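# Reading the structure
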Amino acid sequence: MKTKDVNFLEENLTRINKALFKTLPEKENSRVTEAIHYSVMNGGKRIRPQIILLLCEMLEVEITSDNVDLIAAAGELIHCYSLIHDDLPAMDDDDYRRGQLSCHKQFDEATAILAGDAIQPLSLEVLTSLEDPNLEAKTKLEIINLFARACGPEGMVEGQNRDILAENKVLTEEELDELHYLKTGKLIEACVLCVCLMKKNIDKDLIEKLKTFSNKFGLAFQIRDDILDEIGDEETIGKPVKSDLKNNKSTYPSILGIEESQKKAELLIEEALLILDKLPFNTEKLNALCKLVVNRKN
Ligand code: GRG
């Protein structure tokens, strides 16, 4: 994603990468820790932690900025873990990720499985170790519960399960929406809802609005992902194109065509922006992120 016009995203990216690095074990400890560094410190767009940082700022959450960065890093760690496992031969069998060999190709399958397995509890370790005068133990538990549900059997894992089962089948648009809500949307939603948990005295109506916002954002993000898999530039997206076609997967372009898919993504973002517009906060930065998502090239 091009971030040079939106300096705040670049600044946030530096914060996020610093926090991520801080959470990791010593690279030199073992082959697994080397693989962990290789798969985390490798130039992802960091959309999920960006959402956490921008929402914390927007809602003026009273947590120290170092702790906001660590919570954002925890969300990204879960995502990094899912990418390592997603690329494995038993899953999507992808050789490239973020412009470099995927973890199992650079190392080996066992190391990639272990690196992924290590990164997930690492995110929980980060969350449980947070110490902040404005973060109660109960809230920390709720945040952990939220992330656990987002990636567990009723979240990302089930999304991935449906994705695998759907190979060589044609899904309906509704089935695809549901699959991607589970696979991609729930983690994005958890990033939004964890900030709601940290905001003192937040009202239920605002939580519902932000949840709807995140679901529209998440689906638009995924649709653009499918489009880029069809028409993107390999070097820019950092992996071979047409991998969905290779795996015979239903995608938005395969069901709706490229043009209709892009329209659907843009409509979802328009709806997401309408929600933001009505909020009594400075939504400018989140608004800018939304606009980037549907036009992104990677
Ligand atoms: C329970 C964490 C967990 C994993 C097991 C492998 C698996 C089940 C799920 C895979 C889910 C998955 C890979 C979802 C993400 C799909 C997606 C849109 C990936 C690309 O995300 P970007 O564009 O990538 O944010 P970068 O590289 O920028 O971070």
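Residues numbered from 1 in each chain as written. Predicted model: local features only at pLDDT ≥ 70, side-chain atom pairs only at ≥ 80, totals over all residues. Heavy atoms only, no water.

### Things to note about the packing of helix H1 (residues 7–23) against helix H3 (residues 47–58)
Between two packed helices, the angle of one axis relative to the other and the distance separating the axes together describe the packing. Quick reminder of the rule: Fitting a line to C-alpha atoms yields each axis, with helices limited to the stretch in contact; the angle taken between N-to-C directions then spans 0 to 180 degrees. Each helix is a run of H or I in the DSSP string that is no shorter than four residues. Each strand is a run of E no shorter than two, and both are numbered from the N terminus. Comment on the angle field: the value is read as roughly parallel under 35 degrees, roughly antiparallel over 145, roughly perpendicular from 65 to 115, and oblique elsewhere. The contact rule is simple, with two residues in contact once any of their heavy atoms fall within 4.5 Å. Each residue gets one label: Ala, Val, Leu, Ile, Met, Phe, Trp, Tyr, Cys and Pro are nonpolar, Asp, Glu, Lys and Arg are charged, and the others, such as Gly, are polar.
The geometry of H1 relative to H3 is characterised by a closest axis approach of 10 Å and an angle of 110° between their N-to-C directions. The orientation of H1 with respect to H3, classified from their angle, is roughly perpendicular. Between H1 and H3, the residues in contact are Phe8, Leu9, Asn12, Leu13, Arg15 and Ile16 and Pro49, Gln50, Leu53 and Leu54, respectively. Looking at the contact of H1 with H3, its residues break down into 7 nonpolar, 2 polar and 1 charged.

### As for the side chain of Asn42
Note the threshold: Each polar contact in these results corresponds to two N or O atoms within 3.5 Å; when the atoms are within protein, one needs to be able to donate a hydrogen and the other to accept it, and residues that are neighboring in sequence are counted only if both atoms are side-chain atoms.
Position of Asn42 among the secondary structure elements: in the loop between helix H2 (31–40) and H3. Among the polar contacts made by the side chain of Asn42, one reaches the main-chain carbonyl oxygen of Ser39 at a distance of 3.4 Å. Of note is the side chain of Asn42, whose polar atom sits 2.7 Å from the side chain of Arg98. Excluding its chain neighbours within four sequence positions, the residues that come into contact with Asn42 are Arg98 and Gln100.

### As for the layout of surface pockets
We apply this condition: Detection works on a 1 Å grid of protein atoms alone, calling trapped sets that fit a 1.4 Å probe cavities and calling open sets with protein on both sides within 12 Å along at least five of seven lines pockets, with lining residues defined by an atom within 4 Å of a point. Grid points are joined across faces, edges and corners, and a volume is the space filled by probe spheres set on the points.
Volume-wise, the second largest pocket comes out at about 190 Å³. Elements with a contribution of two residues or more to the lining of the second largest pocket: helix H7 (137–151) and helix H9 (173–198). In terms of residue count, H9 provides more of the lining of the second largest pocket than any other element does, 4 residues in total. Looking at side-chain class alone, the lining of the second largest pocket contains 5 nonpolar, 1 polar and 5 charged residues.

### A few points about the site of the ligand
Our working definition: By convention in these notes, a residue is near a molecule or strand provided one of its non-hydrogen atoms lies within 4 Å of it. Exposure was quantified through the Shrake-Rupley algorithm and a 1.4 Å probe, taking into account, for residues, occlusion by the shown protein chains and nothing else.
Taken together, the neighbourhood of the ligand is formed by 21 residues, with Lys45, Arg48, His79, Tyr81 and Arg98 sitting nearest. In the environment of the ligand, an oxygen atom lies 2.5 Å from a nitrogen or oxygen atom belonging to the side chain of Lys45. Arg48 places a polar side-chain atom, nitrogen or oxygen, 2.7 Å from an oxygen atom of the ligand. Protein coverage of the free-state accessible area of the ligand, which is 740 Å², stands at 93%.

### Some words on the packing of aromatic side chains
Put simply, the test is: Pairing of aromatic rings covers Phe, Tyr and Trp, the last through its six-membered ring, and needs centres within 6.5 Å; plane angles under 30 degrees mean stacked, over 60 mean edge-to-face, and all others mean tilted. We count a charge as sitting over a ring when the NZ of a lysine or the CZ of an arginine lies within 6 Å of the ring centre and within 35 degrees of the ring normal.
Applying the stated criterion across every chain, the model contains 2 aromatic pairs. The side chain of Arg296 reaches across the aromatic face of Phe221, ending 4.0 Å from its centre.

### Notes on the environment of Ala137
Tracing the backbone through its elements, the reader meets Ala137 in helix H7. Linking Ala137 and Lys183, residues 46 residues apart in sequence, is a C-alpha distance of 29 Å.

### Looking at the environment of Asp132
Summarising the element assignment, Asp132 is placed in the loop between helix H6 (109–128) and H7. On a C-alpha basis, the gap between Asp132 and Asp66 in space is 9.8 Å, while along the polypeptide they are 66 residues apart. Of the polar contacts made by the side chain of Asp132, one reaches the side chain of Asn67; its length is 2.8 Å.

### A closer look at the nonpolar core
Applicable threshold: Buried residues of nine kinds, namely Ala, Val, Leu, Ile, Met, Phe, Trp, Tyr and Cys, make up a nonpolar core once their side-chain atoms join them within 4.5 Å. To sort residues, take the accessible area from a 1.4 Å probe on protein chains only and compare it with the maximum for the residue type: under 20% means buried, over 50% means exposed, and anything in between is partly exposed.
Counting residues in hydrophobic clusters, the biggest one holds 89 residues, and the most contacted among them are Phe147, Met198 and Phe217. The element best represented in this core is H9, accounting for 12 residues. Once residues within four sequence positions are removed from consideration, Phe217 is found in contact with Ile47, Ile51, Ile188, Ile269, Leu289, Cys290 and Val293.

### Focus on the pattern of salt bridges
Defined as follows: Salt-bridge detection follows one rule: a side-chain nitrogen of Lys or Arg within 4 Å of a carboxyl oxygen of Asp or Glu.
Counted by the stated rule, this structure contains 20 salt bridges. Residue Lys249 pairs with Asp92 through a salt bridge whose shortest N-O separation is 2.7 Å. Taken together, the positions of Lys249 in the loop between helix H12 (243–246) and helix H13 (252–256) and Asp92 in the loop between helix H4 (65–87) and strand E1 (96–97) put the pair 157 residues apart, joining distant regions of the chain. You can call Lys249 buried: its relative accessible area is 10%. When its relative accessible area of 8% is taken as the criterion, Asp92 is described as buried. Salt bridges linked by common partners bring Asp92, Asp163, Lys183 and Lys249 together as one network.

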